[in-house]
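# Structure assessment
Listed here are the chains, written in short residue letters.
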Amino acid sequence: MQAAVYSEYGTADVVRIEDRARPVPGPGEILVKVAHGSVTTADWRLRAAAFPGVLAIPGRLMFGLRRPRREVLGSEFAGEVAALGPGVTGFAPGQPVFGFVMQGAHAEYLVVRAEGAVLAVPEALALADAAALPFGGLSALVFLRDFAQVQPGQRVLVIGASGGVGVYAVQIARALGAEVTGMASGGNEALVRGLGASGFIDYRTTKLRDLEGRFDAVIDTVGAARFKDVRHLLGKTGVFVPLNFGLREIGQALWTRALGGPRVRIGVSGDTRADLAVLADWVTQGRLRPVVDRRFAFRAIRAAYAHVEGRHRRGSVLLDIGSAALVQPLRAVLA
Ligand SMILES: NC(=O)c1ccc[n+]([C@@H]2O[C@H](COP(=O)([O-])OP(=O)(O)OC[C@H]3O[C@@H](n4cnc5c(N)ncnc54)[C@H](OP(=O)(O)O)[C@@H]3O)[C@@H](O)[C@H]2O)c1
């Protein structure tokens, strides 16, 4: 099979497409023939060892000190079940599935745990679009529902509202019943409002410190805000949730918890099948939709990386990986 591999940390040029042995599913595992994947911020951070802030050392310890431990990146995938490992029930060969893994999805075949974040593709979702949802959707869900604990009727500010996590954060905050204000550059206002934001702030003309108003939660998907920039926007029970954090935010999370008043909450995103099912249900109910910025051919993966690293994408950046990328639409036409 073809896989996009890297054996040293660096720019997009370290990624090359090579032949690799097709993996074999073990007990409790599924072999997926990948049709579509994506390039996410997590992928380029792992590729470049650009772990934010305090994660620099733990990141390398986890993913490889001098060089990457695993050669294939890629977390979101959509494709079809190619084979089942011993003991797997609930899936069938040929079934369209989508999901999320830590690494390994930039390849024509991928082995995933059947109990992991993998599900049948909802009927409302085209196969390619299914690959757009898991990374941003799961991140936004966990940070808004679990860390910010957003409740119906609350006001939420999403910084980076047109990005890979932001486009889902706007929709998910709405699905949780909140009133949403999105922050991005002016050209993205129509997109962000179209996702359900009732307010919009152009970060190029309005600085957070000059902003007025009151929010129950501020979620920063970009790393553009510090607690001191947004504290005046938060009520006594307000929460600031920075997705990128360093020692400063860890300290702030501890002392704001101890002292009371507006809090800083940090954490890592989730990858459970139950949460993927929440996203799939919202898609079926028409409350959540994938936002696809661009699609790249697998061979153009370096260009996809460069685009995502520019930090101005509008939603997800997809890769057409396997031949199923062609077969599935054909099946839909013939059905
Ligand atoms: N802690 C965790 O477990 C976890 C999980 C997932 C993600 N993350 C982190 O969260 C971040 C989210 O990544 P992403 O993929 O969503 O990022 P992204 O797609 O690169 O974000 C781009 C967005 O940021 C906006 N933006 C750029 N500069 C800005 C500024 N100064 N002020 C406000 N908005 C600005 C862009 O708007 P315009 O294009 O309009 O300029 C665009 O909306 C990543 O750094 C990732 O590492 C952490």
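Each remark here, short or long, concerns the structure printed above.
Quick summary incoming for the structure in this document. This one's a predicted model, so the numbers in the text were calculated from it and none came from an experiment. (Residues numbered from 1 in each chain as written. Predicted model: local features only at pLDDT ≥ 70, side-chain atom pairs only at ≥ 80, totals over all residues.)

## Some remarks on the overall build of the chain
Formally: Secondary structure counts use DSSP, requiring at least four H or I residues in a row for a helix and at least two E residues in a row for a strand, with both numbered from the N terminus. Atoms considered for the radius of gyration are the C-alpha atoms alone. The globule rule reads 2.2 Å times the number of residues to the power 0.38. Three exposure classes are used, based on other C-beta atoms lying within 10 Å of a residue's own C-beta, which is placed from the backbone: buried for 20 or more, exposed for 12 or fewer, and partly exposed in between. Once C-beta atoms have been placed from the backbone, residue pairs whose C-beta atoms lie within 7 Å are recorded as contacts.
For the chain, the helix and strand inventory stands at 11 helices and 15 strands. Radius of gyration (C-alpha) of the chain: 20 Å, near the 20 Å computed for a compact globule of 335 residues. When its C-alpha atoms are laid out on the principal axes, the chain stretches across 55 × 45 × 40 Å. Across the 335 residues that make up the chain, the buried fraction comes to 49%. The contacts in the chain between residues at least 6 apart in sequence include a share of 68% that link residues at least 24 apart.

## Brief notes about the site of the ligand
Our working rule: By convention here, the C-beta atom is placed from the backbone, and a residue is near a molecule or strand when that atom is within 6 Å of it. Lys, Arg, Asp and Glu make up the charged group, whereas Ala, Val, Leu, Ile, Met, Phe, Trp, Tyr, Cys and Pro make up the nonpolar group; the residues left over, Gly among them, are polar.
Every one of the 29 residues lining the ligand counts as a neighbour, but Gly160, Gly163, Gly164, Ser185 and Leu243 are closest to it. Elements with a contribution of two residues or more to the shell around the ligand: helix H1 (41–48) and strand S9 (179–184). With 3 residues, the top contributor of residues to the shell around the ligand is H1. Along the lines of polarity and charge, the residues of the shell around the ligand split into 11 nonpolar, 15 polar and 3 charged.

## Observations regarding unusual backbone geometry
Positioned with a positive phi, Gln149 is a non-glycine residue whose angle comes to about 50°. Relative to the helices and strands, Gln149 is located in the loop between helix H4 (134–147) and strand S8 (155–159). With 15 C-beta atoms packed within 10 Å, Gln149 lands in the partly exposed category. Positioned with a positive phi, Arg311 is a non-glycine residue whose angle comes to about 65°. In this structure, Arg311 sits in the loop between helix H10 (301–309) and strand S15 (316–320). Residue classification places Arg311 among the partly exposed residues on the basis of 14 C-beta atoms within 10 Å.

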